Every structure is written in C-alpha cells, then in structure tokens.
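Observations on the three-dimensional arrangement
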Amino acid sequence: MHEIDRLVAGIAPDPGPGTTPIARELLEEITSVSVPEQRRRRNWLVLPRPRRWAAGPVLAALAALLSFGVVQAPASAALDIELVDDHYVITVKDLLAEPEVYQRELRARGLDITLDLVPTSASLTGQMIVINDVDRLRSGEPLRGDGPITTIDALGPCERFSGCPVGLKVPVDFDKKAEISLGRRALPGERYKMPPGIALPGEPLHCVDYVNKSVAEISALLRERGVTPSYIQYGKRAAAAAPGGWYVHDGVMSADGQALLLVGADRSTQPSPMPPSRC
C-alpha cells in the first residue's frame, strides 16, 4: 500500500485524498478488483490536448535547451531520451509500447527505472508520479523532499495541483532504483489505478464542496452528470446502495462514468479534499 499512498499523494497533495485513512479505504476497494486482460488497440487511446502531454518530441519551448550537447534516441524507440549536459531529458513517444520496451531503453542508459503506464481518467492522462528511491521506501524509511528525478512541466496555465508534466529530467549518474507511473487513458471497462478525486479539475464534482453533504444529494448530482455512484464504509466492501441520510466523507472516480464514495452515519472530521482557494 505504500506505493498506492505515494501515487495518490502526488495527485492531491495534503490535505487531499491519498494522505488520509479515507483515501486508503477507497483505493483498497478499487485496486482489489481484478480487471480482465484486454488487447490494446490504437483507436482506443484518446490523447489529451498537446499542452498537457506531448507524445512526440519535447515541446518547442524546450528546443533552445536541447539545441546543444544533445544525443537523440533512435527514431523507432518508444522513449525519446536526450542527453543534455549532465541529465537525460525523457519523454514517451509510444504510449502503447509494452513495459519491457521502456525498461530496455532505460537500462541501455544505465538507469534502473521502471516505467509503468496505469489507467486513469482523461483529466490525469499524462500525469507522472515519481518514486525516486524504491528500496528506501520499501524498507519503511520516509522519503523527504524532492528527489533527483524531476518532471518537466508544460508552459502556460495548468489546473492540476501537481503540475502538467511533459517529460522527465534524470541525472546521468542516477544510481538508485526508481519507479515512475504515467497515467494513460483507461480502456473501455477498465478500472482506474490512478483514481482522481471527484472534485478535481475535469471531474464531475469539480469545485463542489461535497464533504458532509448527504448521500442522496451527492448521488443525485453525480447521476445528473452521467456518473453512477457506489458506496463503501470503513472495513466493508463496496455496495450499490447506501442510506440517503448518511454523509459523504470522500470520493474518487473508479472508472469512466463510475464513482466510489466513502460514506458514514456520522459527519467526517477530515478536512475537505478540495479547499475553496483552489476554485
């Protein structure tokens, strides 16, 4: 569960989902459901607007940075890996490549980095979550501050709390084991492994202060927006129904058109995952 906590912490920093017991309940429910293996087809992939993610070369804004000291990867590579001074600048050229292809290209540069594409919503497609030191994390040691691997954000406005990355910057001498999760558009019927909060930008209840509102009220709002809710209580499995007079404590999108709400008979004492200043 440490990795899952880190993933969601990157989607919504404190005091948002992923850093609370509420979020862990929701994520446990989402990730406990197995998804049948589906063959990926190119016409299933919906790429976001270019300002959010460039599947091709690094954005033109980086051209000046890359105009000197650059060694490019072969044109057929799944990753675009360019050496700029003492860093590799990395973007994904092929969002449909098998994970082994990414690993092979990274290890060819001496990088022990695992790149995993995980299903998510359109609003988080292209989002990157970086764990700089996997061994330290798994040993139980806390990871403090930013690590040596950093993301390169797109120029211009960005509605995401954690930025709108278009690439990665990795030191040439990076010698740790790292894991990077990159959000890709979920296939039809696929559940999210990078679940966005229901009130994040681009999601159905963006800027709706839903915490401690009644189950009946929030369920009605979701259905009006074409989303089917399901419900979970602490320590119990998800269910298709919940008492309308109960309170909504938290919520995430679990798949296209589906939300999972954490509910209870009493009001939540946790802070709202969507502070008013964000809206």
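Structure shown above.
Residues numbered from 1 in each chain as written. Predicted model: local features only at pLDDT ≥ 70, side-chain atom pairs only at ≥ 80, totals over all residues. Heavy atoms only, no water.

Quick word on the overall build of the protein
The helix and strand tally for the protein stands at five helices and 10 strands. Here the protein holds 279 residues, and 47% of them are scored as buried. Considering only intrachain contacts with a sequence separation of at least 6, the fraction spanning at least 24 residues in the protein is 64%. Entry remark: accessible area of the protein is about 13,500 Å², with carbon and sulfur atoms responsible for 52%. (Helix = DSSP H or I, 4+ residues; strand = E, 2+ residues; numbered from the N terminus. Buried < 20%, exposed > 50% of the residue type's maximum accessible area, 1.4 Å probe, protein only. Contact = heavy atoms within 4.5 Å. Areas by Shrake-Rupley, 256 points an atom, 1.4 Å probe, with all protein chains shown as cover.)

A look at the sheet that holds strand E10 (residues 258–264)
Taking strand neighbours across the sheet as the criterion, the three strands line up as E8-E10-E9 in an open arrangement whose pairing is mixed. Edge positions in the sheet fall to strand E8 (228–232) and strand E9 (247–255), since each has one partner strand and no second. Each strand axis lies, on average, 30 degrees off the axis of its neighbour in the sheet, ignoring direction. Pairing geometry for E9 and E10, over seven bridges, is antiparallel. From the neighbouring strand, Val248 faces E10, where its bridge partner is Val263. Its contacts with the sheet put helix H5 (residues 215–224) on E8, E9 and E10, and the angle it makes with E8 is roughly 145 degrees. (Pairing = 2+ DSSP bridges. Axes fitted to C-alpha atoms, helices over the stretch in contact; angles between N-to-C directions.)

Some remarks on the nonpolar core
Core analysis: the biggest nonpolar cluster contains 23 residues, and Ile113 and Leu115 have the highest contact counts within it. Excluding its chain neighbours within four sequence positions, the residues that come into contact with Leu115 are Leu79, Val92, Pro99, Tyr102, Gln103, Leu106, Ile180 and Leu182. Grouped together as the second largest cluster of nonpolar side chains are 18 residues, Ala199, Met253, Ala259 and Leu261 included. (Core = buried A, V, L, I, M, F, W, Y, C linked by side-chain atoms within 4.5 Å.)

Overview of a negative patch on the surface
Side chains of Asp85, Asp86, Asp173 and Asp175 sit close together on the surface and give a patch of like negative charge. Exposure remark for Asp175: the relative accessible area of 65% places this residue in the exposed category. (Patch = residues over 30% accessible without salt bridge, like charges linked within 9 Å, V, L, I, M, F, W, Y side chains within 5 Å. Salt bridge = Lys/Arg side-chain N within 4 Å of Asp/Glu carboxyl O. Lys, Arg positive; Asp, Glu negative; His and termini not counted. Charge placed at Lys NZ, Arg CZ, Asp CG, Glu CD.)

Considering the sheet that holds strand E4 (residues 128–131)
On the basis of which strands lie adjacent, the open sheet formed by three strands has the order E3-E7-E4 and mixed pairing. The sheet is open, and its two borders are formed by strand E3 (113–120) and E4, each paired with just one other strand. Neighbouring strand axes in the sheet, compared pairwise and without regard to direction, differ in orientation by 20 degrees on average. Looking at chain direction, E3 and strand E7 (residues 178–185) are connected through eight bridges and run parallel. Bridge assignment links Pro119 to a residue of E7, and that residue is Arg184.

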